[in-house]
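Understanding the architecture of this molecule
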Amino acid sequence: MATAVVNPLDVTIETPGVRAPLVTGGHDYAAITEMVTRIPLDKRTPIGWWIAFIPSAIIAGMFFAAISYMICTGVGVMGNMSPVFWAWPIVNFVFWVGIGHAGTLISAILFLFRQNWRTSINRAAEAMTIFAVMTAGVFPAIHVGRIWVIYWVFPYPNQMAMWPNFKSPLCWDVFAISTYFTVSLLFWYLGMVPDLATLRDRAQGKIQQFAYGLLSLGWTGSATSWHRFEKAYTILAAISTPLVLSVHTVVSFDFAVSQLPGWHTTIFPPYFVAGAIFGGFAMVVCLLVPARAFFGLKDLVTLRHIENMNKIILATGSIVGYAYGMEFFVAWYSGNPYEGFTFVNRAFGPYSWAYWTMIFCNVVSPQIYWFKWARTSPLISFIVCTFVNIGMWFERFVIVITSLSRDFLPSSWGYYRPTQVDVMILIGSFGFFLTLFLLFCRFLPMVAMAEVKGVLPHPEHSAGKSGH
Amino acid sequence: MAHDHPKAKPVSTDPACVGVIAEFQNSHDVLHAAQRVKDAGYTKWDVYSPFPLHGIDDIMQRPTVLPWNCAVGACVGLATAIILQWATNGFDYPIIVSGKEPFAFPASMPINFELTVLITAFTCFFSVILLSGLPRLYNPLLQNERFRQGVTDDKIVIAIDSTDAKFSRSKTADFLRSLHPSSVDEVMAVPEPTALPSGFALAAILLALFATVPPILIIRKRNTFVDVPRIHPVQDMDFQPKFKPQKVNEFFADKRTIRNPVTGTIARGDLETDVHYFEGLDSASTVAAIKNASFLDPAPNAAPVAPANPAAPAPAAPVDNTPYAKDFPPQVIDKLKVDGIKFVKRGQERFNIYCAACHGLEGAGDGLVARRATELEQPTWVKPLSIHDDGVVPQPVGKVFRTISHGIRKMPGYESQIMPEDRWAIIVYMKSLQRSRNASASDVPAAELEKLQATK
Amino acid sequence: MHSQPAEITIDRQQSLGDISLAVRSLGVPAGLVCLAAAGGLSLATADRGIAYFLNAYLIAFMFFLSISLGCLFIVLVSFITRSGWNAGLRRVAEMVAMGLFPMMILFAPIALLVIMGNSDLYRWNDAKYMQSSELLSKKLPFLNAQFFVIRYGIYAVVLCGLARYFFRTSLAQDKTGDPALTLQMERTSTWGAFLFAFALTFAAVDWMMTLDPEWYSTIFGVNYFAGGAVAAHAFLIVATMTLQSRGLLKNITVEHFHDLAKLMFGFTCFWAYTAFSQYFLIWYANIPEETKFFLFRQGGQELQTGWPNVSLALIIGCFILPFVGMMARGIRRNRNMVFFWALFILATRYLDMYWIIRPNYQPKADVLLGPTFGLVDVLCLIGIGGIWLGSVVFIAGRHPIVAIGDPRLKDSLRHKVA
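Residues numbered from 1 in each chain as written. Chains lettered and ligands numbered in written order. Predicted model: local features only at pLDDT ≥ 70, side-chain atom pairs only at ≥ 80, totals over all residues. Heavy atoms only, no water.

Here we look at the overall build of chain C
As a reminder of what qualifies: The numbering of helices and of strands both runs from the N terminus, where a helix is a DSSP run of H or I of at least 4 residues and a strand a run of E of at least 2. Radius of gyration here uses only the C-alpha atoms, and the compact-globule reference equals 2.2 Å multiplied by the residue count raised to the power 0.38. Exposed residues in this analysis have more than 50% of their type's maximum accessible area, buried residues have under 20%, and partly exposed residues fall in between, with area computed by a 1.4 Å probe over protein chains only. Any two residues whose heavy atoms approach within 4.5 Å are treated as being in contact. Using a 1.4 Å probe, the Shrake-Rupley method yields the accessible areas, and only the shown protein chains count as cover for residues.
Each helix and strand in chain C was counted, giving 16 helices and zero strands. The C-alpha radius of gyration computed for chain C amounts to 22 Å, which stays within 12% of the reference 22 Å derived for 418 residues, consistent with globular compactness. Reported as C-alpha extents along the three principal axes, the dimensions of chain C are approximately 70 × 40 × 40 Å. For chain C, the residues scored as buried account for 60% of the 418 residues in total. Sequence-distant contacts, at least 24 apart, represent 79% of the contacts inside chain C between residues at least 6 apart. Counting only carbon and sulfur atoms, one obtains 68% of the accessible surface of chain C, whose full area is about 15900 Å².

Below, the structure is given as structure tokens:
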């Protein structure tokens, strides 16, 4: 096992012209392999893992129990009532899809921008993406009420000779979310194949050997394969980048193509995307801060990684703040009384508590990241990122609930209240998500070893310059 | 491990040399060595490393069609999306939603994009797997412990395959040793086993047997009759705790589920106070005569069994003192002014639909129904009148209107089928029909008259 | 990786001063002459008058402004992301960003006209028009001459201040090579980016969106920014290649152009994304006061003005052609092709500005005017471009064309696209 050397070099100090090391501790390739493969290949499951896993699994059970109860009884057990028919299920859906943006962003966009520091965190972030999108996908499916006819959303020839309405944003959602999930999964799996081969070659147990052997498809890392792999990785990154943008853009279309005040505004697409990246990175930090400590990955996921993610959170949080500002400005500038009312109502109406929670969590709390000590403190990062996650959930709450509860007709106004089932489903979704993530941590390589090795400084370069 | 295979089957157990591998410690030496291997004329060789080696592609020069596959995938995806949306929403079952044309290109953009990406990603993924010769179930090189432990961890290996034309076990090994590797191994491996693993055949047979179960069940079900209702697992709100209109309801004294509206209830839009327009009565006289009420037909809006509504006095008087409207209501006159001949045409169209079946297209009382009934000599049949009948022509328009609305003798009322405006339109057309029977040449416009005379 | 770059030498003295003497000495005067000619020509044409000249002036102005703003953005982002690959190019961007000074001066005549009550360009400056509808009268607190000019002052101070700060600090680093200055600029760039974003957004809203006081769109600023980023990358490519043909910037290789072309390509897609978002949401929701913007440009049965053709040209020229044309890696690594596409994109950026601004020139109430283009537009383009470029060269003067003191310069010179 690699000996974790206390690193005298603080990687968060920036010296222009000198590239800070991406991995601390002066580990070589073998040490990195050891550090990462140790976790899934360990025969004894750490007790701490069980302590996290069992409650998560119980909460996940509650998630499915609540959903089953809702399906057997009817959607009336949720708080979705006139005028707020799009209530928590849609809020949760948008929230989880948003969380699912950071992973592919890290693996695709940061890859294209040659941000090599992404290699330590991209695997875990991509896994998080996939689980978040899975969690998100549950919500539109369940809140249709009759889940057994969900296949009606797909274009198939049926006896009524009718087709789905492709002009409907909800239909676009089906395509966007399923495409995003599929492509993220392919991207994640493709990137994992070399690491699965590493696990295969180091596994001791028969079952492990068989399972990792099957999953690694017989990869041996030949130069020919790597050549195709790199081409494919670049192409997947290049198409995933607009795909990431498109997914939350399409989700924003669900709202923005309508004429409802507070929903119809042209900045929604980039605003939703920035918000998704903001929330997604916050979730990555929330997951990786404990994980790096627990699994002994502090040399791979260094403080510099945490700091970089916090900087992105600060930047995207500011873009979100910009969008809040533009919405308010144009609501006033447009002279449209309904728009104006909606925004005043958000800030000072019956849901003002939600609005100000959102503002505090999303706009105020990340401001602490202007200070380096806050960016580089795992504890503060964890706290702020938790706030950001809460804030992003409330952002969707504010958008969905306030606009719907105040329609054009005052006679259709109402006040939305969630039921116990709503609360159980929301909490349960976290359990489902965490269960999947913990399974991933236990059984799959949490860090992209091959990619980290690829960006490590090569010892021979600094020594000899005997060019060929 | 490479030399020790106790479990291998007796057939082809001999480990043969499948190639020679040379292990290197760092990427720089490998690039150098790879160039030498290539220069030496070997073709079936490869470099194995735990991460992509930059610079090796320039040496090995093994270009790939992968980007082109992806380009094709992208085109296929885009075409699929456009064709799918156009064919379903624009061609097969056009629907207009929110004022957009059936196939609106901007609205197709999200799906165009998503499907393009999806198909490209699939193409890309399967291309990289298949072009790299994966999935590969058996790789003899992996039987070499050094290779297996090293190439996915921290070692870089050059392997020359024994099938290479230039391969010679000793010479190749010596050649590789000359490149200063940290070690050189001859990889001894058993050839890829050709026999199926034990149990595989049994499993296949069992699977095949299981696969016959669904078709057998289907055939059986299609050839038998069952008289019990099918299982109804998904209720779909088919059985709801609610009362249907004609069912008994113990809650009410009269045990009827369907309730009468409160007396005097008028549905939205049914408040028809303009008796001239809606009833064909003269407004002023109606107001005066409203009290004796003897002329009134059964009130159209009154409930059939309304205890609160005392039965109207029986119309004993044979004299019809109903104050029929003599003129068209102002609404109809306005309509005529605006629409002109269109309004008459509308009346003609309605007349031909509703009246002509009995009264005939010209109103002579010789419609198909009338002729057939006369042929059959039905005793209960009352022959429809000709609208040109002397008794009909002088009737006030109000009386005609009421006849159409409420019927007369065998003729049913058309109130529920023809809107008031259309009933008036029919009367306008009827008046013109009546006029046409008594028209003179001076009624024809001069231009038309000339034409008629010219055709003679 | 396998080939170590040879020790890189860089000419520390290279500057614009000598080689661009013609631009430096003739740019501003020639520009002024062109503008005067354009104004005279426009006024002399009876049915056009000052309104046409102002419209043409604004198109050219917003076009060159977007290049300078885009370059300022490149500088800011380079520091925020601590990027090394473009350190050898950044000085050119810093110099072009200094073009914000002449641009802010060039807006002064418009501001002056607005203060004097001219409403030929900005209809909202006409009190009678603004009182004509309740919707418009609500906007008076924002759309009035005094506040407009105050905002112009704020934009000028913020944008010129930022441009000047980075140019000056970077020049100071040339002499000392002090890495602390880089850290200082990195810190400034973070909050500087905020000021930049708000100044750019509201400048775009003020100077272009309010041309039609009824219409509004929240993404408008982002759209203008995206176009500016595209234009700036295109201009950097053209400028760098032109300078190279005069013997400067020899250290900029195909690797840098490859990256610049990628970014140009990426921002072209981003621009298309913002433009599509704006169009799509307005088209779909179909609210009259929003749709009017596109209804006129897209045309309809009763609007046979020729604008639909311009819109089509915009879609094809600003997105489809560059997107398809620059997709292949080989093209992005081909010097001539990159040069061609950069020029092409600059031309289509002008078309975009034209498409936004020109339809607001509607002198007659009863007849809707189709696309017009003439000598006045060409003269305005040359005039403003001449003053802008002449000033940039003048300011850049004898300063080094490469940030020779930048500690990341060696990263940049060794840069190789993986």
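Observations concerning the overall build of chain B
The secondary structure content of chain B amounts to 16 helices and six strands. Out of the 456 residues in chain B, the part that is buried amounts to 34%. Of the contacts made within chain B by residues no fewer than 6 positions apart, 68% connect residues no fewer than 24 positions apart. Surface summary for chain B: the accessible area is close to 28900 Å², and the carbon and sulfur share equals 62%.

So, the pattern of salt bridges
Working definition: two side chains of opposite charge can pair if their charged atoms are close together. Let me state the cut-off plainly: By definition here, a salt bridge exists when the distance from a side-chain nitrogen of Lys or Arg to a carboxyl oxygen of Asp or Glu is within 4 Å.
Enumeration according to the criterion identifies 35 salt bridges over all chains in this entry. A salt bridge links B:Arg346 to B:Glu349, with the nearest nitrogen and oxygen atoms 3.4 Å apart. Of this pair, B:Arg346 and B:Glu349 are both found in helix α12 (residues 341-359), three residues apart, which corresponds to roughly one turn of the helix. Judged by its relative accessible area of 32%, B:Arg346 is partly exposed. A salt bridge links B:Arg350 to B:Glu349; the nearest nitrogen and oxygen atoms lie 3.1 Å apart. Linked by salt bridges that have partners in common, C:Arg90, C:Arg91, C:Glu94, C:Asp174 and C:Asp406 make up one network.

Some thoughts on the interface of chain A and chain B
Let me state the cut-off plainly: We define buried area as the total accessible area lost by two parts upon association, computed with a 1.4 Å probe and summed across both. The definition of a polar contact used here is a pair of N or O atoms within 3.5 Å, where within protein one atom must be able to donate a hydrogen and the other to accept one, and adjacent residues in sequence count solely through side-chain atom pairs. Three categories are distinguished: nonpolar for Ala, Val, Leu, Ile, Met, Phe, Trp, Tyr, Cys and Pro, charged for Asp, Glu, Lys and Arg, and polar for the others, with Gly belonging to the last.
Counting residues at the interface gives 60 residues for chain A and 64 residues for chain B. Together chain A and chain B conceal approximately 5600 Å² of surface at their shared face, both sides included; 67% is due to carbon and sulfur atoms. Taken together, the links from chain A to chain B amount to one salt bridge. Put simply, B:Asp153 and A:Arg202 hold a salt bridge, and the shortest N to O gap is 3.4 Å. Run the count over chain A and chain B and you get 23 residue pairs in polar contact (both at pLDDT 80 or more). Those elements that provide at least two residues to the side of chain A that touches chain B are α1 (29-41), α6 (169-202), α8 (223-256) and α16 (449-455) of chain A. Among the elements that take part in the side of chain A that touches chain B, α8(A) stands out by supplying 18 residues, more than any other. Of the residues in the side of chain A that touches chain B, the class split is 33 nonpolar, 17 polar and ten charged.

Digging into the confidence of the model for chain B
All names here are of chain B. Just so we agree on the cut-off: The pLDDT score gives, residue by residue, the confidence of the prediction method on a 0 to 100 scale.
Residues of chain B with pLDDT of at least 70 account for 89%, and the chain-wide mean is 82. Here helix α10 (residues 283-289) is the element of chain B with the lowest mean pLDDT, 69, and helix α7 (residues 200-211) is the one with the highest, 93. In the predicted structure, residues 298-317 sits below a pLDDT of 50 and forms seven contacts with residues beyond four places in sequence or in another chain.

Remarks on the interface of chain C and chain B
Reports often express the size of an interface as the amount of accessible area lost when the parts come together. Each partner contributes residues to the interface: chain C has nine residues there, and chain B has twelve residues. Carbon and sulfur atoms make up 74% of the surface buried where chain C meets chain B, a total of about 890 Å² over both sides. Where chain C touches chain B, the interface holds zero salt bridges. Here chain C and chain B share two residue pairs in polar contact (both at pLDDT 80 or more) between them. When grouped by side-chain class, the residues that make up the side of chain C that touches chain B number seven nonpolar, two polar and no charged.

Concerning helix α1 (residues 27-39) of chain B
Residue and element names in this part refer to chain B. The cut-off we apply is this: Take the residue count of a helix, subtract one, and multiply by 1.5 Å to get its expected span.
Taking 1.5 Å per residue as the helical rise, α1 with its 13 residues ought to reach 18 Å, and the 18 Å between its terminal C-alpha atoms agrees with that figure. Listing the buried residues of α1 in full gives Ser27, Val30, Leu31, Ala33, Ala34 and Val37. Following α1 by one or two positions, Gly41 adopts a phi angle in the positive range, close to 95°.

Concerning the packing of aromatic side chains
Filter applied, for reference: The pairing test for Phe, Tyr and Trp rings, Trp by its six-membered ring, is centres within 6.5 Å, and the orientation test on the planes gives stacked under 30 degrees, edge-to-face over 60, and tilted for anything in between. We count a charge as sitting over a ring when the NZ of a lysine or the CZ of an arginine lies within 6 Å of the ring centre and within 35 degrees of the ring normal.
Considering all chains together, one arrives at 119 aromatic pairs over all chains under this definition. Ring centres of A:Phe63 and A:Phe432 lie 5.7 Å apart, and the angle between their planes is 25°; on these two criteria the pair is classed as stacked. Linking A:Phe63 in helix α2 (residues 47-73) with A:Phe432 in helix α15 (residues 420-443), this pair joins segments that are 369 residues apart in sequence. Relative to A:Phe397, the ring of A:Trp353 lies with its centre 5.7 Å away and its plane at 50°, an arrangement referred to as tilted. In this pair, A:Trp353 sits in helix α12 (residues 352-364) while A:Phe397 sits in helix α14 (residues 378-405), placing the two residues 44 residues apart along the sequence. For A:Trp353, a relative accessible area of 44% gives the class partly exposed. Each member of the aromatic cluster is reached from another via a ring pair, and the members are C:Phe63, C:Phe64, C:Phe235, C:Phe296, C:Trp307, C:Tyr350, C:Tyr354, C:Phe373 and C:Trp388. Positioned over the ring face of B:Tyr42 is B:Lys166, at 5.4 Å from the centre of the ring. The residue whose ring lies beneath C:Arg297 is C:Phe293, and the NZ or CZ to ring-centre distance is 3.7 Å.

A short note on the sheet that holds strand β3 (residues 156-161) of chain B
Residue and element names in this part refer to chain B. What counts is decided by this rule: Only strands joined by at least two bridges in the DSSP assignment are considered to pair. In this analysis, axes come from line fits to C-alpha atoms, helices being fitted only over the stretch in contact, and the angle between any two N-to-C directions falls in the range 0 to 180 degrees.
Taken in spatial order, the four strands of this open sheet run β2-β3-β1-β4, and their pairing is antiparallel. The sheet is open, and its two edges are formed by β2 (45-48) and β4 (183-189), each paired on a single side. Each strand of the sheet is rotated relative to its neighbour by a mean of 25°, with strand direction disregarded. Inspection of the sheet shows strand β1 (residues 16-24) paired to β3 by six bridges, in the antiparallel sense. Bridge pairing in β3 links Ile21 to Ala159.

Considering the side chain of B:Ser132
Considering the arrangement of structural elements, one finds B:Ser132 in the loop between α4 (105-131) and α5 (145-150). Exposure remark for B:Ser132: the relative accessible area of 14% places this residue in the buried category. Apart from residues lying up to four places away in sequence, B:Ser132 is in contact with A:Ser225, A:Arg228 and B:Ser127.

Describing the side chain of B:Lys100
Let me state the cut-off plainly: Only four residue types enter the charge count, namely Lys and Arg as positive and Asp and Glu as negative; His and the chain termini do not.
Within the secondary structure, B:Lys100 is located in the loop between α3 (66-92) and α4. For the buried B:Lys100, no salt bridge exists, and the shortest N-O distance to an oppositely charged side chain is 7.2 Å, to B:Glu101. Looking at B:Lys100, its side chain comes within polar contact range of the main-chain oxygen of C:Tyr284, at 3.0 Å. Contact partners of B:Lys100, with chain neighbours within four places excluded, come to A:Lys167, C:Trp283, C:Tyr284 and C:Asn286.

Points about the nonpolar core
As a reminder of what qualifies: The criterion is simple. A nonpolar core is a set of buried Ala, Val, Leu, Ile, Met, Phe, Trp, Tyr and Cys residues joined through side-chain atoms within 4.5 Å.
Ranked by size, the top nonpolar core spans 353 residues in total, and within it B:Val47, C:Tyr122 and C:Trp207 carry the most contacts. Counting residues per element, this core draws most heavily on helix α2 (residues 49-80) of chain C, which supplies 23 residues. Those residues in contact with C:Trp207 that lie beyond four places of it in its chain are C:Leu58, C:Phe61, C:Met62, C:Leu65, C:Met104, C:Phe107, C:Tyr122, C:Phe148, C:Tyr152 and C:Tyr155. Core analysis: the next-biggest nonpolar cluster, separate from the first, contains 22 residues, B:Phe351, B:Ile387, B:Val397 and B:Val428 among them.

Thoughts on helix α5 (residues 122-143) of chain A
The periodicity of an α-helix, 3.6 residues per turn, causes residues three or four positions apart to be oriented the same way. Taking 1.5 Å of rise per residue, the 22 residues of α5(A) would be expected to cover 32 Å, and the 32 Å separating its terminal C-alpha atoms lies within 8% of that figure. One or two positions beyond α5(A), positive phi appears at A:Gly145, with a value near 90°.

A word on unusual backbone geometry
Cis geometry is adopted by the peptide bond preceding A:Pro83, which originates at A:Ser82 and carries an omega value of 0°. Here A:Pro83 is to be found in the loop between α2 and α3 (88-99). In this structure, A:Leu217 takes a positive phi of about 60° despite not being glycine. Within the element layout of this structure, A:Leu217 appears in the loop between α7 (206-215) and α8. Phi is positive for B:Lys255, close to 60°, though the residue is something other than glycine. Relative to the helices and strands, B:Lys255 resides in the loop between α8 (213-222) and α9 (275-279).

Side note on the domain arrangement of chain B
Inclusion rule: What fixes the domain bounds is an automatic or database domain assignment.
Partitioning chain B into structural domains gives domain 1 (13-191) and domain 2 (279-303 + 320-437). Computed over C-alpha atoms, the centres of domain 1 of chain B and domain 2 of chain B are 86 Å apart.

So, the environment of A:Trp373
Residue and element names in this part refer to chain A. Here Trp373 lies in helix α13 (residues 372-375). Once the C-alpha coordinates of Trp373 and Glu307 are considered, the two residues, 66 residues apart in sequence, prove to be 9.5 Å apart. Setting aside residues up to four positions removed in sequence, Trp373 forms contacts with Ile368 and Ile380.

Topic: the pairing of β2(B)
Residues and elements named next belong to chain B. Residues Trp45 and Val47 line one face of β2 and the alternating positions Asp46 and Tyr48 line the opposite face, and both faces are buried. With four bridges joining them, β2 and β3 adopt antiparallel strand pairing. From the neighbouring strand, Val47 faces β3, where its bridge partner is Ile158.

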